[in-house]
Amino acid sequence: MMSVTCHNLDFGTSVLDLVGCGCASNAAIGRCAGKSCARTISRSKGCRARRLVCWRQNLARCHAFSTKTPELNGVGQVPPTLLNLKNESRRTISLSKLFEVVADDLQTLNQNLQSIVGAENPLLMSAAEQIFGAGGKRMRPALVFLVSRATAELVGMKDLTTKHRRLAEIIEMIHTASLIHDDVLDESDMRRGKETVHQLYGTRVAVLAGDFMFAQSSWYLANLENIEVIKLISQVIKDFASGEIKQASSLFDCDVELQEYLLKSYYKTASLIAASTKGAAIFSGVDPRVAEQMYDYGKNLGLSFQVVDDILDFTQSAEQLGKPAGSDLVKGNLTAPVIFALEKEPKLREIIESEFCETGSLEEAIELVKKCGGIERAQELAKEKANLAVQNLQCLPRGEYRLALEDMVIFNLERID
């Protein structure tokens, strides 16, 4: 059964359709949102995870979150097994261990980043280096390398191409540019325990540095000369802006729904990860169905990752976060734990709608989120998306690269264990 993913998202369509369904154009989204498309929520007792299934009479044209592994030339035909995350006996996973299999690839990337950004603008380069050198995990390029090598194995490719490596560099540049702009918009003073670019150089230089890196990444992207990947990554930059607009238009809005939160999270986080994992698969020359599964893996991992980040905003200290705890909430950005808690606690709505005007109101709101089960329900949501991500890997050959991709899902969840 062929699965196709929606990469062009439209605000006019049901948000759950957008996050869960995937067609190649807005027109396809409209068809999926029509009467011929039904949604069902089923619960799996083993993992207590909800699965969103979008179906229609012609399943080959619109299919989201398949619960059946596609038959791809004998690869990945084993029925998917969902993670039993609470009971599974497993080793503790570290990022350094996780990325060991692509350590050489990451080392080459680190060496190339400075030259690819360009040395003709020393001030902008210095600003970019503030982010590059701020202890970033290089998670996104690592995912590019892992998917590249796993899919290369699938087609018998012995080594990565120059395009695989360039894609990883472009993805890290785009991610870095988005962080610089995010810090300006959020008026954040710290990033990963260091002063932000706009704190050091001013807002004007920070905006220009982000713009410059977006432009440089676009130039290198065009030189990849693959129209499918160019469209895929270009959409991500548009999604960043859409996510910021959605967030800005819903601050302190206690009526915001979970589906809207998921769409915003897709725009701001999951879109880039999904595009990077699919792009890597495309450059390996795999079956399009495998490339779509890689897109869904990146999307589900990205959504799970964002939910975990939003949980940590309530459960970790400022020292652990590298920024003040509750920073999203105090700015009116209502995330999954808050949305769930609002369903049970009317007082929380009062505090948020007052925009924390009283001393101690933020601390009270954080305690209410914890007491009303907001954290636990958000944890279930993160695990649900994680299980879907693992299912998406069933089409890959078993080996160290697929294992590392699975471990990335578990590592993310271990942050909230």
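Right above here is the structure, for reference.
Residues numbered from 1 in each chain as written. Predicted model: local features only at pLDDT ≥ 70, side-chain atom pairs only at ≥ 80, totals over all residues. Heavy atoms only, no water.

1. Quick notes on the overall build of the protein chain
Each helix and strand counted, the protein chain has 19 helices and four strands in total. Residues counted as buried form 57% of the 417 residues belonging to the protein chain. The long-range fraction of contacts in the protein chain, counting pairs at least 24 apart against all pairs at least 6 apart in sequence, stands at 72%. Only carbon and sulfur atoms are counted for the fraction: they give 49% of the accessible area of the protein chain, which is about 18000 Å². (Helix = DSSP H or I, 4+ residues; strand = E, 2+ residues; numbered from the N terminus. Buried < 20%, exposed > 50% of the residue type's maximum accessible area, 1.4 Å probe, protein only. Contact = heavy atoms within 4.5 Å. Areas by Shrake-Rupley, 256 points an atom, 1.4 Å probe, with all protein chains shown as cover.)

2. Points about the packing of helix α12 (residues 288-315) against helix α18 (residues 374-392)
For the pair α12 and α18, interaxial distance at closest approach is 8 Å and the crossing angle is 160 degrees. Our classification of the angle between α12 and α18 gives roughly antiparallel. For α12 against α18, the interelement crossing comes out left-handed. Taken together, the residues that form the contact of α12 with α18 break down as 15 nonpolar, seven polar and two charged. (Axes fitted to C-alpha atoms, helices over the stretch in contact; angles between N-to-C directions. Parallel < 35°, antiparallel > 145°, perpendicular 65-115°, else oblique. Left-handed = near helix turned anticlockwise from the far one by under 90°. Nonpolar A, V, L, I, M, F, W, Y, C, P; charged D, E, K, R; others polar.)

3. Some words on the packing of helix α6 (residues 139-155) against helix α11 (residues 258-284)
At a closest axis distance of 8 Å, the pairing of α6 and α11 adopts a crossing angle of 30 degrees. Here α11 runs roughly parallel to α6, going by the angle between their axes. Here α6 and α11 pass one another in a crossing that is right-handed. Taking contact as the criterion, the partners of Met139, Arg140, Leu143, Val144, Val147, Ser148, Thr151, Ala152 and Val155 in α6 are, on α11, Leu272, Ile273, Ser276, Thr277, Ala280, Ala281 and Ser284. Residue composition of the contact of α6 with α11, by class: 10 nonpolar, five polar and one charged.

4. Quick word on the side chain of Asn392
Its location among the elements puts Asn392 in helix α18. Within the structure, Asn392 has its side chain in polar contact with the backbone nitrogen of Tyr297 (distance 3.3 Å). Those residues within four positions of Asn392 in sequence are excluded, and the remaining contacts are Gln293, Met294, Asp296, Tyr297 and Asn300. (Polar contact = N/O pair within 3.5 Å; in protein donor to acceptor, adjacent residues only side chain to side chain.)

5. Thoughts on the packing of aromatic side chains
Two aromatic rings, taken as a pair, are described by how far apart their centres are and by the angle between their planes. Under the counting rule described, the total for this entry stands at four aromatic pairs. Seen from their ring centres, Trp219 and Tyr220 are 5.0 Å apart, and the 85 degrees between their planes marks the pair as edge-to-face. Take Tyr220: its relative accessible area is 16%, and that puts it in the buried class. Across the ring face of Phe305, the terminal group of Arg415 is positioned such that the distance to the ring centre comes to 4.1 Å. (Phe/Tyr/Trp six-rings, centres within 6.5 Å; stacked < 30°, edge-to-face > 60°. Lys NZ or Arg CZ within 6 Å of the ring centre and 35° of its normal.)

6. Brief notes about the pattern of salt bridges
Counting across every chain of the model gives 18 salt bridges. The salt bridge partner of Arg149 is Asp105, with a shortest N-O separation of 2.8 Å. One end of the pair, Arg149, is in helix α6; the other, Asp105, is in helix α4 (residues 103-117), and 44 residues separate them in sequence. Like Asp105, Arg149 is buried. A cluster of three or more residues bridged by salt bridges with shared partners is formed by Asp105, Arg149, Asp159 and Arg165. (Salt bridge = Lys/Arg side-chain N within 4 Å of Asp/Glu carboxyl O.)

7. A look at the nonpolar core
Grouped together as the largest cluster of nonpolar side chains are 113 residues, with contacts concentrated most on Leu329 and Ile352. A per-element tally of this core places α11 first, with 15 residues. Once residues lying within four places of it in the same chain are set aside, the contact partners of Ile352 are Phe252, Cys254, Leu329, Leu334, Val338 and Leu342. (Core = buried A, V, L, I, M, F, W, Y, C linked by side-chain atoms within 4.5 Å.)

8. Quick look at unusual backbone geometry
A positive phi is found at Glu225, a non-glycine position, where the angle reads about 55 degrees. According to the relative accessible area criterion, Glu225 is exposed, its value standing at 68%. The residue Phe252 is not glycine, and still its phi comes out positive at about 60 degrees. Topologically, Phe252 is positioned in the loop between α10 (227-248) and α11.

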